[in-house]
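Spelled out from the first residue to the last, the chains are:
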Amino acid sequence: MSGPWSLAYDGYDPGQEGLREVLCALGNGYFCSRAAAPDSQADGVHYPGTYLAGGYDRLTTEIKGREIENEDLVNLPNWLVLEIRIDDGPWLRPDEVEYLDYAQELDLARGILHRRLRFRDGSGRVTRWVERRLVSMADQHVAGLEVTIVPEDWTGPLHIRSGLDGTVVNSGVERYRELNGRHLETVDRGKADAETVWLTSRTVQSRIEITEAARTRVFAGGEPVEPGARQSEVLADLVAQVIDLEIDAEREVRVEKIVAVYTSRDHAISEAGLAAREKVAGAGSFDELAEAHATAWAHLWEQFDLGLDLAGEAALTDDAQVKLRVHLFHLLQTVSQHSIDRDVGVPPRGWHGEAYRAHIMWDELFIFPLLNWRYPVLTRALLRYRYHRLPAARRLARDAGYRGAMFPWQSGSSGREESQVLHLNPQSGRWIPDDTNRQRHIGSAVAYNVWHYYEVTGDREFLRDYGAEMLVEIARFWASIAEFDQARDRYVIRGVMGPDEFHTGYPGADREEHIGLDNNAYTNVLAAWVLNRARDVLELIPPCHGRRLCDRLGLADSEIEAWDEISRKLFVPFHDGVISQFEGYETLEEFDWAGYRETYGDIQRLDRILEAEGDTPNRYKASKQADVLMLFYLFSADELRLLFEQLGYPFDPQIIPDTIDYYLQRTSHGSTLSRVVHSWVLARANRQQSWRLFQSALDSDIADIQGGTTPEGIHLGAMAGTVDLMQRCYTGIETRGDALHFNPSLPDGLERLRARLRYRGQEIDFEITHRRLRIHCRQFSAAPVTVAYRGRFRQLGAGATQEFHVIGPAERDRSEPPPNASDPAHGTGTEGSEPDDR
């Protein structure tokens, strides 16, 4: 780190190059390029990768005698190619020179990557290389690279090669390398004019045509190099220009490469190749592009930045501010204004690499809350990705024998189930069955996102046209998968998996007879909540639209009445005074955490370790990540109390801290999301431990705490989740009763928090310290909104400001709890005497 707006590295470290390529990647919501050196090739150290948002392709590979089809995010032709050769020497590569100086800096404020190198080649010549790079946030189709080359102690011929490389394959994830990864075929390539080359590729199965056009200009001594000094290379899958010139010591050569990227799926074009060539021909200089790009980023930071004032030792040693900005930066490179008119979801690893094949999973649950409060039109667009795939979700449900919509655990282009049938355990080298597609709770995550988008925005139009249908069809699925158990007089849900992916079934169970687990508590409670919201939404939308929706779906009153009964009788397991992760959890063996940590050190991926030993985590009380605790992450204590009372279970508030303590001791944090959830649920009961977990979550990617996963792609859910911890958890923000509630409890190391939100059409600035909450409404034409702090309600109109005195822990001990008070369930236990504080 190097300042509040900079991610900086000094020195060249081949072992860290993959990590830096991801953390310094540049994107704009349309495409993203890793920060590989422009003179590098995929070689185990470097991995040039450029990815189109939603740019998928399917290929088949034979594994263990089976034809396995996988849909991948395609690695596009490498537009970065820019390399030099001195005299008649070889083309220089990053690992074939001696670095005398090496510095790399990502300017977060302006979205520009800088590299400053000084190296000695094999002939002893010293050269300086100063580079700037951008992927334009102002124009989604444009990227730029500028390199200034200065010979320090030599004079002579310099050859510069600028190209587009279509020979790339998907090989960025080691455990996928046995799978077919050649997704591109070259359609055409050529020279458009003296400065410009272009390459058109097509994906093998999805038939997406991608054209990249590159315009290269070279300036020597401040003057442009004449086109006559260029030679074109047109090979089978690569096109390039080689520029030859004579150069004197200490006289700089500046190379400016501007690239345009279009695909056959873009709007308002005739053909991708024509569009790319026209775009690059009319593009400005690198400086002009950089100015527009920086302005676009400035506007985004106005909406998304959080200001932190740290206290005490933390102010001297903590990089929380810049780390949060790194996280926001990568979120906005994955989804931005350029995503709004595109049919894309939010991949858990961004468009930064090939991990999870950029499939869309449940991480939206951690990402959308941040977007709802900052850029709700973007959430609206991303939710439509799910709506467009309702027909596929209905087919999945029907094929499995259910009604309604069963969303897939992993979704890609079409909405079919894209989860692997087999996956490779790198610990053992074995391909083993993959049952993660039984995580049916993904449908509840979609429903939760729909409902909470509406709560923050009040967007009834969306609810009417899209959201109601999704909620109703997800409710239908839960009603059809729930079976009535006569002996219990309750409904049960069998054969599923919860968020904790370590447990895929019961120990010793035959996979053919019983796949999955019964009555996962998180799944069942969420199902009851969805059934409630589906009935609510039919009341919220205009009666004529509700009638038309029911007619179209064949939804009868009797079916809606059945939802009410099921939502009151779903079974939830308990043991030893805590909520059971699933039925039968209490019969599992305790795990030897200390012994395995002593043997293996890092046991985050305990499932891989045990499988390599011939064992399975199905035998043990050991979790990869929060499962039951997700209930306390998503719902306030009041909401949970009402849900459990509706289900006919007594809900002692003490069950929350007891359940958290129980599972915290039995979790390996094998997912980066786990620390976010645990930090959240501890925010009130144990602020110090919450802050430690928050800081660990901040480091998930920056320090690559999982030991090698980040080079395959960032962990976007964890990144957004850490920002949301600041935005909603430590502020105590929630929507309830058509009011925006605050109940802040800042960690000791955080002195002040400043941010901006959008709520019901208003832009609201707030500032929180340990003693004061200040809320200001900007000049907007929307109707006034209601804000509240601990039961005190105020109207807030355009231009108005409200202030509240923040009650600290000591004062809470002496105060009466306000009527109907509730914190968001962003913490647990009690702090002081208030029963609603967790």
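Residues numbered from 1 in each chain as written. Predicted model: local features only at pLDDT ≥ 70, side-chain atom pairs only at ≥ 80, totals over all residues. Heavy atoms only, no water.

### Examining the overall build of the protein
For the protein, the count of helices and strands is 22 helices and 33 strands. Principal-axis analysis of the C-alpha atoms places the extent of the protein at approximately 85 × 65 × 65 Å. With 838 residues in all, the protein has 64% of them scored as buried. Approximately 29300 Å² of the protein is accessible, and the part contributed by carbon and sulfur atoms is 45%. Charged side chains of the protein number 94 positive and 131 negative; the gap between the two group centres comes to 4 Å. (Helix = DSSP H or I, 4+ residues; strand = E, 2+ residues; numbered from the N terminus. Buried < 20%, exposed > 50% of the residue type's maximum accessible area, 1.4 Å probe, protein only. Areas by Shrake-Rupley, 256 points an atom, 1.4 Å probe, with all protein chains shown as cover. Lys, Arg positive; Asp, Glu negative; His and termini not counted. Charge placed at Lys NZ, Arg CZ, Asp CG, Glu CD.)

### Some words on helix 13 (residues 557–569)
Along an α-helix, residues three or four positions apart point the same way, because every turn accommodates 3.6 residues. Spanning 13 residues, helix 13 covers 19 Å between terminal C-alpha atoms, matching the ideal 18 Å at 1.5 Å per step. For helix 13, the complete set of buried residues consists of Glu559, Ile560, Trp563, Ile566 and Ser567. Mapping the buried residues of helix 13 onto a view down its axis gives an arc of 115°, with all of them on the same face. Exposed residues lying more than 90 degrees from the buried face of helix 13 are Asp557, Ser558 and Glu561. Against helix 10 (460–481), strand 23 (490–492), helix 11 (521–540) and helix 17 (637–646) lie the buried residues of helix 13. (Expected span 1.5 Å × (residues − 1). Arc of directions from axis to C-beta. Contact = heavy atoms within 4.5 Å.)

### Considering the confidence of the model for the protein
Summing up the model confidence of the protein, the mean pLDDT is 92 and the portion of residues at 70 or higher is 95%. Scored below 50 in pLDDT, residues 813–838 makes 84 contacts in the model with residues more than four places away or belonging to other chains. (pLDDT = per-residue confidence, 0-100.)

### Description of the packing of helix 6 (residues 364–374) against helix 7 (residues 376–388)
One way to put it is that helix 6 packs onto helix 7 with a least axis distance of 6 Å and a crossing angle of 145°. Here helix 6 contributes Glu364, Phe368, Leu371, Asn372 and Arg374 to the contact with helix 7, which in turn contributes Pro376, Leu378, Thr379, Leu382, Leu383 and Arg386. Along the lines of polarity and charge, the residues of the contact of helix 6 with helix 7 split into six nonpolar, two polar and three charged. (Axes fitted to C-alpha atoms, helices over the stretch in contact; angles between N-to-C directions. Nonpolar A, V, L, I, M, F, W, Y, C, P; charged D, E, K, R; others polar.)

### Observations regarding the packing of helix 10 against helix 12 (residues 543–553)
At a closest axis distance of 11 Å, the pairing of helix 10 and helix 12 adopts a crossing angle of 45°. On the basis of their axis angle, the class for helix 10 and helix 12 is oblique. Crossing hand, helix 10 versus helix 12: right-handed. In this structure, helix 10 uses Arg464, Ala468, Glu469, Val472, Glu473 and Arg476 to contact helix 12, whose residues at the interface are His545, Leu549, Arg552 and Leu553. For the contact of helix 10 with helix 12, the residue count by class is four nonpolar, one polar and five charged. (Parallel < 35°, antiparallel > 145°, perpendicular 65-115°, else oblique. Left-handed = near helix turned anticlockwise from the far one by under 90°.)

### Some remarks on empty space enclosed by the protein
Overall, the coordinates contain five cavities of 30 Å³ or more when judged by the stated rule. The calculated volume of the second largest cavity comes to roughly 110 Å³. (1 Å grid on protein atoms, 1.4 Å probe; cavity = no way out; pocket = protein on both sides within 12 Å on 5 of 7 lines; lining within 4 Å. Points joined across faces, edges and corners; volume = space filled by probe spheres on them.)

### A look at the layout of surface pockets
Quantified by volume, the second largest pocket comes out at close to 610 Å³. Every residue lining the second largest pocket is counted, 27 residues in all, and those nearest its centre are Trp451, Glu455, Arg533, Glu639 and Arg736. Secondary-structure elements contributing two or more residues to the lining of the second largest pocket are helix 9 (442–457), helix 11, helix 17 and strand 26 (734–736). For the lining of the second largest pocket, the leading source of residues is helix 17, giving six residues. Among the residues forming the lining of the second largest pocket, the class breakdown is six nonpolar, nine polar and twelve charged.

### With respect to the packing of aromatic side chains
Scanning all chains against the criterion turns up 40 aromatic pairs. Seen from their ring centres, Phe477 and Trp478 are 5.1 Å apart, and the 55° between their planes marks the pair as tilted. Each member of the pair, Phe477 as well as Trp478, is classed as buried. One aromatic cluster is present, formed by Trp362, Phe366, Trp409, Tyr633 and Trp680 through successive ring pairs. (Phe/Tyr/Trp six-rings, centres within 6.5 Å; stacked < 30°, edge-to-face > 60°.)

### Considering helix 18 (residues 655–664)
Extensive coverage of helix 18 is indicated by the burial of eight of its ten residues. The inward-facing, buried residues of helix 18 abut strand 24 (574–575), strand 25 (578–579), helix 16 (630–634), helix 17, helix 19 (672–681) and helix 20 (687–702).

### Let's talk about the side chain of His678
Mapping His678 onto the fold places it in helix 19. On the basis of relative accessible area, His678 is assigned to the buried category, the value being 0%. Among all residues touching His678, those that are not within four sequence positions of it are Ala626, Leu629, Leu664, Thr667, His669 and Leu693.

### Some details on the environment of Asp748
Tracing the chain through its elements places Asp748 in the loop between strand 27 (739–742) and strand 28 (750–759). For Asp748, a relative accessible area of 60% puts it in the exposed group. A C-alpha to C-alpha distance of 40 Å links Asp748 and Ala292, two positions 456 residues apart in sequence. Every residue in contact with Asp748, bar those within four places of it in the chain, is listed here: Ala311, Arg687 and His770.

### Some points on the pairing of strand 18 (residues 253–263)
Taken residue by residue, a regular strand's side chains alternate between the two faces of the sheet. Of all eleven residues making up strand 18, ten are buried, and the element is well covered by its neighbours. Where strand 14 (residues 209–220) and strand 18 come together, eleven bridges link them in antiparallel fashion. In the strand pairing of strand 18, Val218 is matched with Val255. (Pairing = 2+ DSSP bridges.)

### A closer look at the sheet that holds strand 4 (residues 50–63)
Either a parallel or an antiparallel arrangement is found when strands of a sheet pair, and the pairing is made through backbone hydrogen bonds. The strand order across the open sheet formed by four strands is 2-3-4-5, and the pairing between neighbours is antiparallel. For this open sheet the edge positions go to strand 2 (26–27) and strand 5 (66–75), each flanked by a neighbour on one side alone. Two elements, strand 2 and strand 3 (residues 31–33), share two bridges in a ladder whose sense is antiparallel. Note that in strand 3 the partner of Gly27 across the bridge is Cys32.

### Quick look at the pairing of strand 6 (residues 82–86)
Summarising burial for strand 6: four of the five residues are buried, a large majority. With five bridges joining them, strand 6 and strand 11 (residues 156–165) adopt antiparallel strand pairing. Counterpart to Ile86 in the pairing with strand 11 is Leu158.

### Focus: the sheet that holds strand 31 (residues 785–789)
Ordered by their spatial adjacency, four strands build an open sheet running 26-27-31-32, and the pairing between neighbours is mixed. Edge positions in the open sheet fall to strand 26 and strand 32 (792–796), since each of these has one partner strand only. Between one strand axis and the next, the sheet turns through 35° on average, direction left out of account. Direction of pairing for strand 26 relative to strand 27: antiparallel, over a ladder of three bridges. The residue of strand 27 that forms the bridge with Arg736 is Ala739.

### Digging into the pattern of salt bridges
Scanning the model with the defined rule gives 75 salt bridges in all. Glu185 is paired through a salt bridge with Arg202; the nearest N and O atoms lie 3.2 Å apart. Of this pair, Glu185 sits in strand 12 (residues 184–193) while Arg202 sits in strand 13 (residues 196–203), and the two are 17 residues apart along the sequence. A salt bridge links Arg728 to Asp724; the nearest nitrogen and oxygen atoms lie 2.7 Å apart. On the criterion of helical spacing, the pair formed by Arg728 and Asp724 is a turn pair, its members being four residues apart in helix 21 (residues 716–729). Neither residue differs from the other here; Arg728 and Asp724 are each classed as buried. One salt-bridge network, held together by shared partners, links Asp309, Arg752, Arg754, Glu767, Arg772, Arg774 and Glu803. (Salt bridge = Lys/Arg side-chain N within 4 Å of Asp/Glu carboxyl O.)

### A closer look at the nonpolar core
Membership of the largest hydrophobic core comes to 231 residues, with the highest contact counts inside it found for Ile160, Trp563 and Met726. A per-element tally of this core places helix 10 first, with 13 residues. Beyond its immediate stretch of four places on either side in the chain, Met726 contacts Leu306, Leu308, Leu324, Trp691, Phe694, Thr731, Leu750 and Leu753. (Core = buried A, V, L, I, M, F, W, Y, C linked by side-chain atoms within 4.5 Å.)

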